[in-house]
Amino acid sequence: MNEIEKNQKNCCGKKTKSRTEEEYKDLINRLNRIEGQIRGIKKMVEQDAYCVDILTQVSAANAALHSFNKVLLANHIRTCVAENVKNGNEEIVDELVMVLQKLMK
């Protein structure tokens, strides 16, 4: 099994990716912060907080999700896309274009 196959092994017909410990920890930390922000927004709604204050927190959560996407996309391009292109799998470029189109909506 080559490196690409190891990184993109199939699980129930879906691709998976092995991440470094550092990459994994960074992504999980970001998601934990976002999860905390969402819980905070929910609590604000439950406590009848002022609309503008809630909207400000929602904007911060959206920015955190956007930042998460940028980090994940950069990692994907540096690893999955680069390795596939080096090994002659040009289909990965079509997949990347499709993902970028979805993100830019």
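Definitions and limits used
Residues numbered from 1 in each chain as written. Predicted model: local features only at pLDDT ≥ 70, side-chain atom pairs only at ≥ 80, totals over all residues. Heavy atoms only, no water. Helix = DSSP H or I, 4+ residues; strand = E, 2+ residues; numbered from the N terminus. Buried < 20%, exposed > 50% of the residue type's maximum accessible area, 1.4 Å probe, protein only. Contact = heavy atoms within 4.5 Å. Areas by Shrake-Rupley, 256 points an atom, 1.4 Å probe, with all protein chains shown as cover. 1 Å grid on protein atoms, 1.4 Å probe; cavity = no way out; pocket = protein on both sides within 12 Å on 5 of 7 lines; lining within 4 Å. Points joined across faces, edges and corners; volume = space filled by probe spheres on them. Nonpolar A, V, L, I, M, F, W, Y, C, P; charged D, E, K, R; others polar. Patch = residues over 30% accessible without salt bridge, like charges linked within 9 Å, V, L, I, M, F, W, Y side chains within 5 Å. Salt bridge = Lys/Arg side-chain N within 4 Å of Asp/Glu carboxyl O. Axes fitted to C-alpha atoms, helices over the stretch in contact; angles between N-to-C directions. Parallel < 35°, antiparallel > 145°, perpendicular 65-115°, else oblique. Left-handed = near helix turned anticlockwise from the far one by under 90°. Expected span 1.5 Å × (residues − 1). Bend = angle between axes of the 7 residues up to and from the residue.

A look at the overall build of the chain
So, step 1. Broken down by element type, the chain carries four helices and two strands.
So, step 2. Helices (α) and strands (β) of the chain occur, in sequence order from the N terminus, as α-β-β-α-α-α.
So, step 3. For the chain, with 105 residues in total, the buried portion stands at 20%.
So, step 4. Taking as baseline every contact in the chain between residues at least 6 positions apart, the subset at least 24 positions apart corresponds to 48%.
So, step 5. In the form shown here, the chain has an accessible surface area of approximately 8100 Å², with 56% of it arising from carbon and sulfur atoms.

Quick notes on the layout of surface pockets
In this approach a probe as big as a water molecule rolls over the atoms, and the regions it shows empty are the leftover space.
So, step 1. A volume near 370 Å³ is recorded for the largest pocket.
So, step 2. Contributing to the lining of the largest pocket are 17 residues, with Arg19, Leu72, His76, Glu95 and Val99 lying nearest its centre.
So, step 3. Mapped onto the lining of the largest pocket, the elements with two or more residues apiece are helix 3 (51-86) and helix 4 (91-103).
So, step 4. It is helix 3 that contributes the most residues to the lining of the largest pocket, six residues altogether.
So, step 5. Class assignment of the residues belonging to the lining of the largest pocket gives a composition of seven nonpolar, five polar and five charged.

What about a nonpolar patch on the surface?
So, step 1. A surface patch of nonpolar side chains, amounting to about 390 Å² of accessible area, comprises Met98, Val99, Leu103 and Met104.
So, step 2. If you trace the backbone, Met98 turns up in helix 4.

Brief notes about the packing of helix 2 (residues 21-46) against helix 3
So, step 1. Helix 3 packs onto helix 2 with a crossing angle of 165° between their chain directions and a minimal axis gap of 10 Å. If you check the angle between helix 2 and helix 3, you find them roughly antiparallel. In this structure, helix 2 crosses over helix 3, and the sense of that crossing is left-handed.
So, step 2. Grouping the amino acids of the contact of helix 2 with helix 3 by side-chain chemistry returns 16 nonpolar, four polar and four charged.

Quick word on helix 3
So, step 1. Between its first and last C-alpha atoms helix 3 spans 51 Å; for 36 residues at 1.5 Å apiece the expected length is 52 Å, and the two agree.
So, step 2. Its axis deflected by about 35° at Ile77, helix 3 carries its strongest bend there.
So, step 3. If you check which residues of helix 3 are buried, you get Ile54, Ala61, Phe68, Val71, Leu73, Asn75, Cys80, Val81 and Asn84.
So, step 4. Gly88, located one to two residues past helix 3, shows a positive phi value of around 85°.

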